[in-house]
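So the chains spell out like this:
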Amino acid sequence: MTNGITSAIGQLLSSPLVGEAATIVAIGGTALWLAAAWWTYLDMTRRTGSEPIRLGAAGWILISTPLLLPLSLPIYLFVRPQQTAAQRESDELVRELSLADADADRCPGCALVTELGWKRCPACATWLETECADCGRWSRVELSICPWCASERDALGSAGVLIGLPLSVPPPKAELERRREPAPRLARLG
Ligand SMILES: [Zn+2]
Ligand SMILES: [Zn+2]
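Residues numbered from 1 in each chain as written. Chains lettered and ligands numbered in written order. Predicted model: local features only at pLDDT ≥ 70, side-chain atom pairs only at ≥ 80, totals over all residues. Heavy atoms only, no water.

Asker: Would you mind showing me how to read the side chain of Arg 80 here?
Answerer: In this fold, Arg 80 is placed in the loop between helix H4 (65–79) and helix H5 (85–104). In terms of polar contacts, Arg 80 uses its side chain to reach the side chain of Asp 43, at 2.8 Å. Contacts of Arg 80, omitting those with residues within four sequence positions, involve Trp 39, Asp 43 and Arg 47. (Helix = DSSP H or I, 4+ residues; strand = E, 2+ residues; numbered from the N terminus. Polar contact = N/O pair within 3.5 Å; in protein donor to acceptor, adjacent residues only side chain to side chain. Contact = heavy atoms within 4.5 Å.)

Structure follows, in structure tokens:
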């Protein structure tokens, strides 16, 4: 019985069909292994700008041989940088934008967190908003154009509320007088 099985296996192994199948499997495995190394190199290119790291990753797959590929590939997938370079850049951009956004809510004089609509910093008296000389509405001092009436702010109008300049005195009286005057209007009809 045992002899029968042994000889059957021997017959099978020596058959040209099995030899061909083994060759196909070997070629397929080798092709898969080389393709995996190439894919690893390309995958790493999207994750790092460092050539030695890319070559190292591809080399890791190459030294694993086709036999250990099922082991080396999952290990690579586990240890590779999980973010691509493009993802990292967009994350960085979002972070910078949110920082810039946070800066907009701080007093330019003392960095106190301010709230929308505050005209003046309660801590250092820096003017946060300024009154439009034309329409009389208030808006952020750093704006060079009134968002309400689109008039451009003159030098004096914004001089009293320069960014980063803690001003404890209100704008000059002459300027206040001037602001009370009705804005010159262009004749719309006729
Ligand atoms: Zn302040
Ligand atoms: Zn205005």
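Asker: Mind showing me how you'd approach the coordination of the zinc ion (ligand 2) here?
Answerer: Where a metal carries four tetrahedral donors, each ideal angle is 109.5 degrees; where it carries six octahedral donors, the ideal angles are 90 or 180 degrees. The protein atoms donating to the zinc ion (ligand 2) are Cys 132 (SG), Cys 135 (SG), Cys 146 (SG) and Cys 149 (SG), with metal-donor distances spanning 2.2 to 2.3 Å. Here the zinc ion (ligand 2) is ringed by 4 donor atoms whose angles at the metal span 108 to 114 degrees, and the overall shape comes out tetrahedral. Site description for the zinc ion (ligand 2): donor spacing in sequence, C-x2-C-x10-C-x2-C. Taking the relative accessible area as the measure of exposure, Cys 149 reaches 32% and is therefore partly exposed. (Donors = N, O, S within 2.8 Å, 3.2 Å for Na, K, Ca; no water. Tetrahedral: all angles 85-135°; square planar, octahedral: opposite > 155°, others 65-115°. Buried < 20%, exposed > 50% of the residue type's maximum accessible area, 1.4 Å probe, protein only.)

Asker: What exactly am I supposed to notice about the packing of helix H2 (residues 16–45) against helix H3 (residues 51–63) here?
Answerer: To describe two helices that pack against each other, one gives the angle between their axes and the distance between the axes. Their axes nearest at 8 Å, the elements H2 and H3 cross at an angle of 155 degrees. Put simply, H2 runs roughly antiparallel to H3. Handedness of the crossing formed by H2 with H3: right-handed. Residue-level inspection shows Trp 33, Leu 34, Ala 36, Ala 37, Thr 40, Tyr 41, Met 44 and Thr 45 of H2 in contact with H3, the latter providing Glu 51, Ile 53, Arg 54, Leu 55, Ala 57, Ala 58, Ile 61 and Leu 62. (Axes fitted to C-alpha atoms, helices over the stretch in contact; angles between N-to-C directions. Parallel < 35°, antiparallel > 145°, perpendicular 65-115°, else oblique. Left-handed = near helix turned anticlockwise from the far one by under 90°.)

Asker: Would you mind showing me how to read the pattern of salt bridges here?
Answerer: Between side chains of opposite charge, a pair can form as their charged atoms come close. Evaluation of the coordinates by the stated rule reveals 6 salt bridges. A salt bridge links Arg 47 to Asp 43; the shortest N-O distance between them is 3.3 Å. Asp 43 carries the same exposure label as Arg 47, and that label is buried. Glu 142 is the salt-bridge partner of Arg 140, the closest N and O atoms lying 3.2 Å from each other. (Salt bridge = Lys/Arg side-chain N within 4 Å of Asp/Glu carboxyl O.)

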